[in-house]
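Geometric and topological summary
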Amino acid sequence: SENQRTIEHRLVSSQRDKDFFDGDRNYGYGGFKYDGRWVSIAEKVIERYKLTNKSKVLQINCEMGFFLHDLKKILPEIELYGLETSNYAFQNFYDDKIKTNIQVVENYCKINFEDNYFDFILCIGAVYTLNIFDITKIIGEIVRIGKNKSFINLASYDDKDDYWLMKDWSLLGTTILKKEDWKKILKFTNYKGDFSFTNAKTLNIKRK
């Protein structure tokens, strides 16, 4: 609604600092705390991608590491890594034992790991914050360092109303495309992993 998520809010949230994670809701999360919600997701990821204590997993845009923490609780010997652009998130990382494998990077367009290194890669809330050129870079890196077992989410819309709902709501969403256009990008980058579409319907966004 009016005066919510203005350009001023987006400028602050783009820094992905304290205000984004633990400030006012119009700057981002409005308080980023561990609440155990990732446990069920970790269980589903383990089952779907057949992960074991010998697997290597990377989370791009890992934030404070709640998913990685819950994954480690279930598979104590699993090899976990994370990439994050926020110093604030890194400083407040939830699990000190995993923190040694977290890298703070400028962006996710060039990832310093060997080809086919990871058994699973999770990338949520990052791809659609980029322009199309950088999107091809990050997806290309996921393809290069992974073994075709990955999950990303993409901001989409069905019609003009959906587009503007997403555009007005999203603080960092840069590239919001129709589903068929995203699929063309995935084909262009040879992406074979899993993906989902984030949109006004999935987020239950409505105009006040």
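All of these numbers come straight from a predicted model, not from anything done at the bench.

**Some words on the overall build of the chain**
Tallying secondary structure elements over the chain gives 9 helices and 6 strands in all. Relative to the 2.2 N^0.38 estimate, which gives 17 Å for 208 residues, the radius of gyration of the chain is 17 Å and therefore close to what a compact globule would have. For the chain, the spread of C-alpha atoms along the principal axes amounts to about 50 × 35 × 30 Å. As presented, the chain carries roughly 11,500 Å² of accessible surface, and 48% of it is formed by carbon and sulfur atoms.

**A closer look at the nonpolar core**
With 34 residues, the main nonpolar core has Leu58, Ile60, Val127, Ile138, Ile139, Ile152 and Trp182 as its most contacted residues. Elements with a contribution of two residues or more to this core: strand E1 (56–60), strand E2 (79–84), strand E4 (120–123), helix H7 (132–145), strand E5 (150–155), helix H8 (160–169) and helix H9 (179–188). The biggest single contributor to this core is H7, with 5 residues. With sequence-adjacent residues up to four places away left out, Leu58 is seen in contact with Tyr81, Gly82, Leu83, Phe113, Phe118, Phe120, Ile121, Leu122 and Ile145.

**Some words on the pairing of E1**
The buried fraction of E1 is high, at 4 of 5 residues. Note: E1 against E2, 5 bridges, orientation parallel. If you follow Leu58 over to E2, its bridge partner there is Tyr81. Once the chain exits E1 it traverses helix H4 (residues 66–74) before rejoining the sheet at E2, and the crossover so formed is right-handed. For E1 and E4, the ladder comprises 4 bridges, and the chain directions are parallel. For Gln59, the partnering residue across the bridge sits in E4 and is Leu122.

**A closer look at the sheet that holds strand E3 (residues 102–104)**
Read from one edge to the other, the open sheet built from 6 strands follows the order E3-E2-E1-E4-E5-E6, with strand pairing classed as parallel. Each edge of the open sheet carries a strand with a single partner, namely E3 and strand E6 (194–198). Sheet twist, expressed as the mean angle between neighbouring strand axes with direction ignored, is 15°. Sitting on the sheet, H4 touches E1, E2, E3 and E4, and the angle it makes with E2 is about 175°.

**Some words on the environment of Asp158**
As for its placement among the helices and strands, Asp158 is situated in the loop between E5 and H8. Measuring from C-alpha to C-alpha, the distance between Asp158 and Gly30 comes to 28 Å, with 128 residues separating the pair along the chain. Asp158 has contacts with Lys178, Lys179 and Lys201, leaving out every residue within four places of it along the chain.

Calculation rules
- Residues numbered from 1 in each chain as written.
- Predicted model: local features only at pLDDT ≥ 70, side-chain atom pairs only at ≥ 80, totals over all residues.
- Heavy atoms only, no water.
- Helix = DSSP H or I, 4+ residues; strand = E, 2+ residues; numbered from the N terminus.
- Rg over C-alpha atoms; globule rule 2.2 N^0.38 Å.
- Areas by Shrake-Rupley, 256 points an atom, 1.4 Å probe, with all protein chains shown as cover.
- Core = buried A, V, L, I, M, F, W, Y, C linked by side-chain atoms within 4.5 Å.
- Buried < 20%, exposed > 50% of the residue type's maximum accessible area, 1.4 Å probe, protein only.
- Contact = heavy atoms within 4.5 Å.
- Pairing = 2+ DSSP bridges.
- Right-handed = clockwise from strand over helix to strand, strands pointing away.
- Axes fitted to C-alpha atoms, helices over the stretch in contact; angles between N-to-C directions.

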